[in-house]
Amino acid sequence: MEPDFVLHTACWERDIDSLKFLMRDKDRDLNEEDIVSGYAPLSIACEVGDIEIVKLLLNDNRIDVNHSESFSKLSPLYVACEKGQIEVVKLLLKHRKVDVNKANKYYKTPLYIACSLGYIEIVKLLLDDKRVVDINKAANNGHTSFSIACSKGHIEVMKLLSNDKRVVDVNQAEKKDGETPFYIACGKGHIEIVKLLLNGQRVDINKANKNGTTPFYIACKNGHIEVIKLLLNDKRVDISKARNNGETPLYIACSCRQIEIVENILASGREIDINKKVEGKTIIDIMREAKKYWEDEGYQCKREICTNIIKLVESFKRNPNDTRAKLRLQLGLTGKIIFYFSNNSF
């Protein structure tokens, strides 16, 4: 039989009566792919969320419940999860033949895409299904369901995954750059996720990426002051650990003109090397070069920030205790020395 795609049109248009009529033809291929979308009828019904059409198709023995379209290899369950079709997902999970772990061509599973998009109810449904076993499987971008939820800032999804014992390695780094979920959260400023992960005993909070960049360093570079404040109050965090090129977190905070972060680091009372050189240059050397550059370019505001950082670092070198005391008073930190302790098991 020549393809006419009328089945697909009926599904796209949610025309169940026409679909019932067309399905009477026992020679019709119910898994044929649409020439435009590449979807078979079941995947189309899953995308549009027509529960009655999904039921109708699932009740026909000719339907392949795991049929993946040819290009991206998206299964009906994957499509339903990606489109947030909760009721369709519930129905598919009741089918004994559905492959709940079937990934697309990029090795992304239904759980992965639900976590990535923050569909908390769908994530719950999938985690409650004991057939879901590939929780720690990484997609070809290196991310797992755990790390992608972390990257996208989906705190409620992170809470669910953190409490699931099937999540074996919470420090599993993505392969390209070696960034852990905690690193990613710090780098993106996802403060609630940082808090959640800090409260876990299994999280390596100082694990660096392939360039030696630590979570604290990347938070300094990206200017996430609230994350920095949180990390400075955790005695487990190594705030001086340098990258492979020798740059310390304080060094990069100064270089990126993150003056509020510089102030908080100097006020913290933590041990730092203010005189450390990178390629023969100290922090003050770098900031003087930056000041001259921004002066030549006519950026008054950036030049002033460089000037203020130079004055601050020079003051700290002359009298660290006095400078620290003044900064703590300025920042409202007088009398506040709070270290964060873990009491969770994940």
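Just so you know, these numbers come straight off a predicted model, no measurement behind them.

Asker: For the overall build of the protein, give the residues involved together with the corresponding values.
Answerer: Scanning the protein from terminus to terminus reveals 19 helices and 0 strands. Each of the three principal axes of the protein carries a C-alpha extent, and together these read 90 × 50 × 30 Å. Burial analysis of the protein (346 residues in total) assigns 48% to the buried set. Here the analysis covers contacts within the protein between residues at least 6 apart in sequence; of these, 71% occur between residues at least 24 apart. Of the roughly 17000 Å² that the protein leaves accessible, carbon and sulfur atoms contribute 47%. A distance of 7 Å separates the average location of the 54 positive side-chain charges in the protein from that of its 49 negative side-chain charges.

Asker: Give me the lowdown on the environment of F5, citing residues and values where you can.
Answerer: Within the element layout of this structure, F5 appears in the segment before α1 (6-12). Each C-alpha atom, one on F5 and one on A40, is 9.7 Å from the other, the two residues being 35 residues apart in sequence. When neighbours within four sequence positions are excluded, F5 is seen to be in contact with E32, E33, D34 and I35.

Asker: So what's going on with the nonpolar core? Residues and values would help.
Answerer: Counting residues in hydrophobic clusters, the biggest one holds 100 residues, and the most contacted among them are L57, F182, V194, F216 and L231. The residues touching V194, leaving out its near neighbours within four places in the chain, are F182, A185, C186, V227, L230 and L231.

Asker: Lay out the packing of helix α7 (residues 110-117) against helix α8 (residues 120-128) in plain terms, naming residues and giving numbers.
Answerer: For the pair α7 and α8, the least separation of the axes is 9 Å and the interaxial angle reads 150 degrees. Between α7 and α8, the interaxial angle falls into the category roughly antiparallel. Of the two elements, α7 crosses α8, and the hand of that crossing is left-handed. Across from P110, L111, A114 and C115 in α7, the residues of α8 making contact are I122, V123, L126 and L127. Looking at the contact of α7 with α8, its residues break down into 8 nonpolar, no polar and no charged.

Asker: Explain the packing of aromatic side chains to me, and be specific about the residues and the numbers.
Answerer: Per the stated rule, a full pass over the model turns up 2 aromatic pairs. Between the aromatic rings of Y293 and W294, the centroid separation amounts to 4.9 Å while the plane-to-plane angle is 75 degrees, which identifies the pairing as edge-to-face. Since its relative accessible area comes to 46%, Y293 is described here as partly exposed. Accessibility expressed as a relative area gives 14% for W294, which makes it buried. Between the aromatic rings of W294 and Y299, the centroid separation amounts to 5.3 Å while the plane-to-plane angle is 85 degrees, which identifies the pairing as edge-to-face.

Asker: Before we move on, could you go through the environment of L160 and cite the residues and values that matter?
Answerer: Topologically, L160 is positioned in helix α10 (residues 155-162). For the pair L160 and A10, spaced 150 residues apart in the sequence, the C-alpha separation amounts to 38 Å. Beyond its immediate stretch of four places on either side in the chain, L160 contacts I120, V123, K124 and L127.

Asker: Describe unusual backbone geometry, listing the residues and the values that go with them.
Answerer: Phi at R14 is positive, roughly 55 degrees, even though this residue is not glycine. Relative to the elements of secondary structure, R14 occurs in the loop between α1 and α2 (16-22). A relative accessible area of 44% places R14 in the partly exposed class. A positive phi angle, near 60 degrees, is found at K73, a position not held by glycine. Mapping K73 onto the fold places it in the loop between α4 (51-58) and α5 (76-82).

Asker: Explain the pattern of salt bridges to me, using residue names and the numbers behind them.
Answerer: Tallied over the entire structure, the rule returns 15 salt bridges. A salt bridge links K55 to E52, with the nearest nitrogen and oxygen atoms 3.6 Å apart. In this pair, K55 and E52 both sit in helix α4, 3 residues apart, roughly one turn of the helix. Among the salt bridges present, the one from R166 reaches D164, with a minimum N-O distance of 2.8 Å. Using a relative accessible area of 25% as the deciding quantity, one classes R166 as partly exposed.

Parameters and conventions
Residues numbered from 1 in each chain as written. Predicted model: local features only at pLDDT ≥ 70, side-chain atom pairs only at ≥ 80, totals over all residues. Heavy atoms only, no water. Helix = DSSP H or I, 4+ residues; strand = E, 2+ residues; numbered from the N terminus. Buried < 20%, exposed > 50% of the residue type's maximum accessible area, 1.4 Å probe, protein only. Contact = heavy atoms within 4.5 Å. Areas by Shrake-Rupley, 256 points an atom, 1.4 Å probe, with all protein chains shown as cover. Lys, Arg positive; Asp, Glu negative; His and termini not counted. Charge placed at Lys NZ, Arg CZ, Asp CG, Glu CD. Core = buried A, V, L, I, M, F, W, Y, C linked by side-chain atoms within 4.5 Å. Axes fitted to C-alpha atoms, helices over the stretch in contact; angles between N-to-C directions. Parallel < 35°, antiparallel > 145°, perpendicular 65-115°, else oblique. Left-handed = near helix turned anticlockwise from the far one by under 90°. Nonpolar A, V, L, I, M, F, W, Y, C, P; charged D, E, K, R; others polar. Phe/Tyr/Trp six-rings, centres within 6.5 Å; stacked < 30°, edge-to-face > 60°. Salt bridge = Lys/Arg side-chain N within 4 Å of Asp/Glu carboxyl O.

By themselves, these figures tell us nothing about what the structure is for.
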